[in-house]
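A structural walkthrough
If you want the building blocks of each chain, they are given just below.
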Amino acid sequence: MADVQAKIDVIEAEMARTQKNKATNYHLGTLKAKLAKLRSELVNGPGGKAAGTKNSERGFDVSKSGDTRVGLVGFPSVGKSTLLTTLTGTRSEAAAYEFTTLTCIPGTMKYKGARIQVLDLPGIIEGAADGKGRGRQVISTARTCNMILVVLDAGKPLTHKKIIEAELFSFGIRMNQKPPKIKIVKKENGGIGYQEIVKQTKGMNSDVARVILKEYRISCAEIILREDVSVDQFIDVLEDNRAYIPVLYLFNKIDSITIEEMDILDAMPNYVPLSSQHGWNIEELMEEVWSRCNMLRIYTKPKGQIPDYDEPVILHSERNPSIEEFCMRLHKSIILEFSHALVWGKSAKHQPQRCGKEHILQDEDIVQ
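All of the points below concern the structure found in this document. Since the structure is predicted, the reported quantities are computational estimates derived from the model, not experimental observations.

Each value, and the rule that gives it
Within each chain, residue numbers correspond to sequence positions counted from 1 in written order. Only residues with pLDDT of at least 70 are given local features in this predicted model, and only at 80 or more are side-chain atom pairs given and counted; all residues enter the totals for whole chains, interfaces and linings. The side-chain values count all of the structure's non-hydrogen atoms but skip hydrogen atoms and water molecules. One side-chain nitrogen of Lys or Arg within 4 Å of one carboxyl oxygen of Asp or Glu is enough to make a salt bridge. Only DSSP runs of H or I with at least four residues qualify as helices, and only runs of E with at least two residues qualify as strands; both kinds are numbered from the N terminus onward. Under the scheme applied here, a residue whose accessible area is under 20% of the maximum for its type counts as buried, over 50% as exposed, and between as partly exposed, the area being computed with a 1.4 Å probe on protein chains only. Each Phe, Tyr or Trp ring, with Trp reduced to its six-membered ring, pairs with another whose centre is within 6.5 Å; inter-plane angles below 30 degrees give stacked pairs, above 60 give edge-to-face pairs, and intermediate values give tilted ones. Whether a charge sits over a ring depends on NZ of Lys or CZ of Arg being within 6 Å of the ring centre and within 35 degrees of the ring normal. Residues enter a nonpolar core if they are buried and are Ala, Val, Leu, Ile, Met, Phe, Trp, Tyr or Cys, with the set joined through side-chain atoms within 4.5 Å. Here, residues are in contact when the closest pair of their heavy atoms is within 4.5 Å. Criterion used throughout: strands pair if DSSP finds at least two bridges between them. With axes taken as lines fitted to C-alpha atoms, and helix axes fitted only over the stretch in contact, angles between N-to-C directions fall between 0 and 180 degrees. If an angle is under 35 degrees, it is roughly parallel; if it is over 145, roughly antiparallel; if it lies from 65 to 115, roughly perpendicular; otherwise it is oblique. Under the scheme applied, nonpolar residues are Ala, Val, Leu, Ile, Met, Phe, Trp, Tyr, Cys and Pro; charged residues are Asp, Glu, Lys and Arg; polar residues are all the others, including Gly.

**Considerations on the pattern of salt bridges**
Under the criterion given, the structure shown has 12 salt bridges. Glu311 serves as the salt-bridge partner of Lys110, at 3.4 Å between the closest nitrogen and oxygen. Here the residue Lys110 occupies a position in strand S2 (residues 105-111), and Glu311 occupies one in strand S13 (residues 308-316), the gap between them amounting to 201 residues. A relative accessible area of 49% means that Lys110 is categorised as partly exposed. Residue Arg242 is joined to Asp236 by a salt bridge in which the shortest nitrogen-to-oxygen separation is 2.8 Å. Each member of the pair, Arg242 as well as Asp236, is classed as buried.

**So, the packing of aromatic side chains**
Throughout the structure, instances matching the rule amount to 3 aromatic pairs. Centroid distance Tyr111 to Trp290: 6.3 Å. Interplanar angle 70 degrees. Geometry classified as edge-to-face. Here Trp290 lies in helix H9 (residues 282-292) and Tyr111 lies in strand S2, a separation of 179 residues in the sequence. A residue is classified by how much of its surface remains accessible, and Trp290, at 5% relative accessible area, is buried. Here the aromatic rings of Phe251 and Tyr271 are separated by 5.8 Å at their centres, their planes lie at 70 degrees, and the arrangement is edge-to-face. Taken together, the residues Phe251 in strand S10 (residues 247-252) and Tyr271 in strand S11 (residues 271-273) connect sequence positions 20 residues apart. Considered together, Phe251 and Tyr271 belong to a single accessibility category, that of buried residues. Against the face of Tyr216 rests Lys37, its NZ or CZ located 5.7 Å from the ring centre. Over the aromatic face of Phe169 sits the side chain of Arg174, whose NZ or CZ is 3.7 Å from the ring centroid.

**Considering the nonpolar core**
Of all hydrophobic cores here, the largest spans 57 residues; its most connected members are Leu83, Leu149, Leu250 and Leu285. Sorting elements by how many residues they give to this core places strand S4 (residues 147-153) first, with 6 residues. Once you skip the residues sitting within four places of it in the chain, Leu285 turns out to touch Leu83, Leu87, Leu149, Leu248, Leu250, Val272 and Leu274.

**Quick notes on the sheet that holds strand S6 (residues 182-186)**
An order of S6-S8-S7 is seen for the 3 strands of this open sheet, with the pairing classed as mixed. The outermost strands of the open sheet, each flanked by one partner alone, are S6 and strand S7 (192-196). Averaged over all pairs of adjacent strands, the angle between strand axes in this sheet comes to 10 degrees, irrespective of strand direction. Of the pairings in the sheet, the one linking S6 to strand S8 (residues 221-225) comprises 5 bridges and is antiparallel in character. In the strand pairing of S8, Ile182 is matched with Leu225. Most of the contacts of helix H6 (residues 206-215) go to S7, to which it runs at about 140 degrees, and overall it touches S7 and S8. Docked against the sheet, helix H7 (residues 231-239) engages S6 and S8, running at close to 45 degrees with respect to S6.

**Let's talk about the packing of helix H3 (residues 80-88) against H9**
Running from N to C, H3 and H9 cross one another at 85 degrees; their axes reach a closest spacing of 12 Å. With respect to H9, the element H3 is oriented roughly perpendicular. Contact residues: H3 offers Leu83, Thr86 and Leu87, while H9 offers Ile282, Leu285 and Met286. A per-class count over the contact of H3 with H9 returns 5 nonpolar, 1 polar and no charged.

**Remarks on the environment of Ile212**
Secondary-structure assignment places Ile212 in helix H6. The class for Ile212 is buried, based on a relative accessible area of 0%. When the C-alpha atoms of Ile212 and Leu238 are compared, they prove to be 9.3 Å apart, with 26 residues separating the residues in sequence.

Take a look at the structure:
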């Protein structure tokens, strides 16, 4: 591991002293591909993505429950345990000293009928992605979440935010990003085929693509770029082990800062100011979690009865949920006997509409 880290340091130093221009794109592409392979080897052991992580670094053994999983990530003593207690009522030990939480503490909060599992993860430190302070276990568990809440102390320097972003990025988590629209199909023969559907302005071209593929020992493949992408995004698709997760920054302990400091924080995107101790702004946080996790409420209606508004079925809109997915959430046997469904709500052209299993549902639809 020390040898791998030494190689990473050498490549990073060379990249730092290399000027970025069209003439160096080819060289930088090679360095970035080598760096990505070495980081993958550092995280997963020899063999990169094909090899599994060691048992002691696979994450905490917490069974997934509820409709959505949210993880609390941050430095020690920023108020994660207090926030978990405020949100879920689950008792997580909180004290004035650091590293109070030594394992993952799960809790469940209910919001708009959804059961959201919240994980209080131990505090991470700089170098967590390299294994310091059980960092790999923490970040491995964070990768399993539908959303990550990065908890920061509003009274501490903003450099803490950059450190946590760097640790999550090193472990393959892409924050507030969508998977790039790149298609790579390996072939038996025929060499490298390269197509750009959109003009590339971030350094990608056929020569850079070929040198990166050579580093990954791919000699025959078809590449199609459907959007303007960077070299790093191209390498992410080749690695095929990145997690694209929405991230929200929570600036806790706002009761300890001035109005002028709040104005500075207000200029930042993707953030919610709050005080977990006093319960300030918790409602805005829960609404942000709801909207960013793209949750939908679908109400069931037994024949001849009123809809059940107390216990909706929660689906996620990014998957364009259909009636078939809705039935599978209730019970797998329902779809076997399915003929049609009656739907009331935004997705119905008239009330009710007789629909097949391919019909796409929207928030607060009623299904019989």
